[in-house]
Structure formats: structure tokens, C-alpha cells
Amino acid sequence: MKTVINMDNALEVYYEIKDEENACYVFDKSKQEFVEIKNDCADENYTLFIDCFKIANKVIDIYLSQDGMEHHKKAFESFYQTGNRVTDILWYFEHIDGAYPFEDFECLYVAEKIKKWCSENDFDCTEIENMK
């Protein structure tokens, strides 16, 4: 029987650590949960989770590269709220008016990355029940 990854739980892990460049999470197959590891993940029960920080930055780049976003891409380059680009993008859109669907875009993009990760690791996954 295949392991089933709860998409909402996986997304929750992503959102918790996406702004931490060196965070490392694995899915522990024996515990059936995501856990943070500090050392080597060479345990056969561990499956390395996606690189959340890298994906968060990729989402920003893709979102700001869409048609009609040229002004925001340029403005965001000099926007500084926290000094962390992954956190600052949320501050940026809130600062200008909060009417941009970045968070919906991010959730759907990351869900696709998690589905791909599941497939690559022979896991099944649930559908998203709680969009961020």
C-alpha cells in the first residue's frame, strides 16, 4: 500500500519554512509525518522534502515575470521590509493594495511541485482542502 501525503500538511510545512534558506525537512515514513533534521538524512525511512526556500524564490520570479507585472517586478527589486525576499513579497503586495492573487498563485504552484515530489517518490497525495 502506497504512502499517502496529506497535501494540506505538506503545504503547511512549506509555508512554515519557506523563508529559511537552510531548513531541511524529510518525510519520515515510519512516523508518517514531516520532520526537521539537522544532520545527515541517510536514513532509509527518510525522504528528503522539496527545497522550500528555493521554490519560494522561484514562485516570486515566475509571478513577477507574468505579462503586466513589469512595473511590480522593477518596484519589488528595491522594496525592503524585512530583508528576506520571500517574506518581503507579501509585504510588497500588502503595501500597494493587497489586491494581487500572489498567495493563491503560490499555493497552486507549490501544490504542483509537491504532487511531482510525491510521484517521484512513489507516494500518493490528497487534494488541497484548505487553500492558503
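If you're wondering where the values come from, they're calculated on a predicted model, not measured in any experiment.

Rules and cut-offs
Residues numbered from 1 in each chain as written. Predicted model: local features only at pLDDT ≥ 70, side-chain atom pairs only at ≥ 80, totals over all residues. Heavy atoms only, no water. Salt bridge = Lys/Arg side-chain N within 4 Å of Asp/Glu carboxyl O. Helix = DSSP H or I, 4+ residues; strand = E, 2+ residues; numbered from the N terminus. Contact = heavy atoms within 4.5 Å. Polar contact = N/O pair within 3.5 Å; in protein donor to acceptor, adjacent residues only side chain to side chain. Expected span 1.5 Å × (residues − 1). Buried < 20%, exposed > 50% of the residue type's maximum accessible area, 1.4 Å probe, protein only. Axes fitted to C-alpha atoms, helices over the stretch in contact; angles between N-to-C directions. Parallel < 35°, antiparallel > 145°, perpendicular 65-115°, else oblique. Nonpolar A, V, L, I, M, F, W, Y, C, P; charged D, E, K, R; others polar. Pairing = 2+ DSSP bridges.

**Q** Please explain the pattern of salt bridges as it appears in this structure.
**A** Side chains that differ in sign of charge can pair as their charged atoms come close. Applying the stated criterion to the full structure yields 8 salt bridges. Two residues, Glu36 and Lys38, come together in a salt bridge whose shortest N-O distance is 3.2 Å. Between Lys115 and Glu112 there is a salt bridge, and its shortest N-O distance comes to 3.6 Å. Linking Lys115 with Glu112, this pair stays in helix H5 (residues 102-120), spanning 3 residues, or about one helical turn. Salt bridges here are not isolated pairs; linked through shared partners, they connect Lys2, Asp122 and Asp124.

**Q** Help me understand the environment of Thr82 in this model?
**A** By the secondary structure assignment, Thr82 is in the loop between helix H3 (70-77) and helix H4 (85-96). For the pair Thr82 and Gln32, spaced 50 residues apart in sequence, the C-alpha separation works out to 34 Å. Not counting chain neighbours up to four residues away, the residues in contact with Thr82 comprise Thr87, Asp88 and Trp91. A polar contact is formed between the side chain of Thr82 and the backbone nitrogen of Asn84, at a distance of 3.1 Å.

**Q** Please explain helix H2 (residues 52-64) as it appears in this structure.
**A** Count 3.6 residues to each turn of an α-helix, and residues three or four apart come out pointing the same way. Across its 13 residues, H2 extends 18 Å between first and last C-alpha, which sits within 8% of the 18 Å expected from 1.5 Å per residue. On its buried side, H2 packs onto helix H1 (7-17), H3, H4 and H5.

**Q** Help me out: how do you make sense of unusual backbone geometry in this one?
**A** Excluding glycine, a negative phi dihedral is what most residues carry, and trans is how most peptide bonds are arranged. The residue Gln32 is not glycine, and still its phi comes out positive at about 60 degrees. Within the fold, Gln32 resides in the loop between strand S2 (25-28) and strand S3 (33-36). Of the residues examined, Gln32 reaches a relative accessible area of 41% and is grouped as partly exposed.

**Q** Looking at this model, I keep getting lost on the packing of H2 against H4. Mind explaining?
**A** How two helices sit against one another is set out by the angle between their axes and by the gap between those axes. In the contact formed by H2 and H4, the axes pass within 9 Å of each other and the chain directions differ by 40 degrees. Regarding the angle of H2 to H4, the classification is oblique. Contact residues: H2 offers Phe53, Ala56, Asn57, Ile60, Asp61, Tyr63 and Leu64, while H4 offers Arg85, Val86, Ile89 and Phe93. Here the contact of H2 with H4 is built from residues that sort into 8 nonpolar, 1 polar and 2 charged.

**Q** Before we go on, may I ask you to explain the pairing of S2 in this structure?
**A** Covered by surrounding structure in S2 are Tyr25 and Phe27 together with Val26 and Asp28, the residues of both alternating faces. Of the pairings in the sheet, the one linking S2 to S3 comprises 4 bridges and is antiparallel in character. Within S3, the position partnered with Tyr25 by the bridge is Glu36. Linking S2 to S3, which pair antiparallel, is a turn of 4 residues; within it Gln32 sits at a positive phi near 60 degrees. Of the pairings in the sheet, the one linking S2 to strand S4 (residues 46-48) comprises 3 bridges and is antiparallel in character. Among the inter-strand pairings, Asp28 is bridged to a residue of S4, identified as Tyr46.

Geometric values such as these leave the question of function open.
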